[in-house]
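Results of the structural survey
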Amino acid sequence: MITPPAVFSNRWHWPQLLLGHLLAALLLISYILPPGHALWQVLGSQEFFLLNGTLADNGVWTWFWAWMNTREVDAADGLFMLAFLLFPLTAERHRLPSLFCGFLTLMLLMLPARKLLSELSITWGLSGPSPSLTLHPVWLLETLRPDIPAKDSAPTSFPGDHASVLLIWFGLLAWNARGSLERLLLGCITLLLILPRLIGGAHWLADVAVGGTVMALVTLSWAFASPLAHWINQGVQKAITPLFKLCARIPLLRRLPLLSEQH
């Protein structure tokens, strides 16, 4: 078996690492300080009325976004994202094993950032009810489409975990994509999968633009501007390789491009 190519940096890049954390800190400060918080609330309200207002006619558009906000479609989204790690849709075939393990590595790296941001959110009182519970007028999906189990509200909506995972997934695949067209495709998919929470009103704009982006910036900075993710990913690959080899013996699974070099 050929050693999978590295998907993360194996060297320190201090300027980029510091820049990523500086941008994350500035974003967070802009939301913590009262003037900035007020501005984010205004921008969030305008964004909510603009997007949520498109549901008013309760036609096919509303039906589509109602389904996009269900747990069933969330699960389908997860499988769709996984497909980009199992098949060479935007990256070369031989990079898939290390990309799959790389995504697991990034989820591990995100945990400290998520914990710290949650603590800051509690300390500074950053999180509150979603816009669908706060603003009026509002077009609630659960009212417009009671036959669809859509999630359109949250008692505490900050930070946007859903958005952070999507942004990290985008960052990993965009960094390792074959070219610009693939990166554009990944960007469009990421935006499409972020929009349901904003249109339905389960998240404020700041939950995504501040909360989700801060977690993604910190995580991706350590991934691509330090060797930390590279070291962790080597351990993850060693741990999961026996599972890859076992799966490669199963007739149906062995056809997956991810497992093509395991047998």
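Heads up: the structure comes first, above all this text.
Residues numbered from 1 in each chain as written. Predicted model: local features only at pLDDT ≥ 70, side-chain atom pairs only at ≥ 80, totals over all residues. Heavy atoms only, no water.

For the rest of this paragraph, the subject is the pattern of salt bridges. Evaluation of the coordinates by the stated rule reveals 4 salt bridges. The partner of R114 in a salt bridge is D161, with the nearest N and O atoms 2.4 Å apart. Linking R114 in helix α5 (residues 96-124) with D161 in helix α8 (residues 161-175), this pair joins segments that are 47 residues apart in sequence. The exposure class assigned to R114 is partly exposed, which follows from its relative accessible area of 23%. Across the pair K115 and E119 runs a salt bridge whose closest N-O atoms are separated by 3.2 Å. Of this pair, K115 and E119 both sit in helix α5, 4 residues apart, which is roughly one turn of that helix. Among the residues examined, E119 registers a relative accessible area of 38% and is labelled partly exposed. (Salt bridge = Lys/Arg side-chain N within 4 Å of Asp/Glu carboxyl O. Helix = DSSP H or I, 4+ residues; strand = E, 2+ residues; numbered from the N terminus. Buried < 20%, exposed > 50% of the residue type's maximum accessible area, 1.4 Å probe, protein only.)

A word on a nonpolar patch on the surface. Together, L19, L22, L23, L26, I29 and L33 give the surface a local cluster of nonpolar side chains, amounting to about 540 Å² of exposed area. Within the secondary structure, L26 is located in helix α1 (residues 14-32). Judged by relative accessible area, L26 falls into the partly exposed class, the value being 49%. (Patch = residues over 30% accessible without salt bridge, like charges linked within 9 Å, V, L, I, M, F, W, Y side chains within 5 Å. Areas by Shrake-Rupley, 256 points an atom, 1.4 Å probe, with all protein chains shown as cover.)

What the rule picks out here adds up to 12 aromatic pairs. Between W12 and W222, the aromatic rings sit 6.2 Å apart at their centres with planes inclined by 80°, giving edge-to-face as the arrangement. Linking W12 in the segment before α1 with W222 in helix α10 (residues 205-224), this pair joins segments that are 210 residues apart in sequence. Here W222 falls in the partly exposed class, since its relative accessible area comes to 27%. Aromatic side chains F100 and F244 sit 5.8 Å apart centroid to centroid with 65° between the ring planes, which places their arrangement in the edge-to-face category. Placement of the pair is F100 in helix α5 and F244 in helix α11 (residues 228-247), with a sequence separation of 144 residues. A relative accessible area of 6% places F244 in the buried class. (Phe/Tyr/Trp six-rings, centres within 6.5 Å; stacked < 30°, edge-to-face > 60°.)

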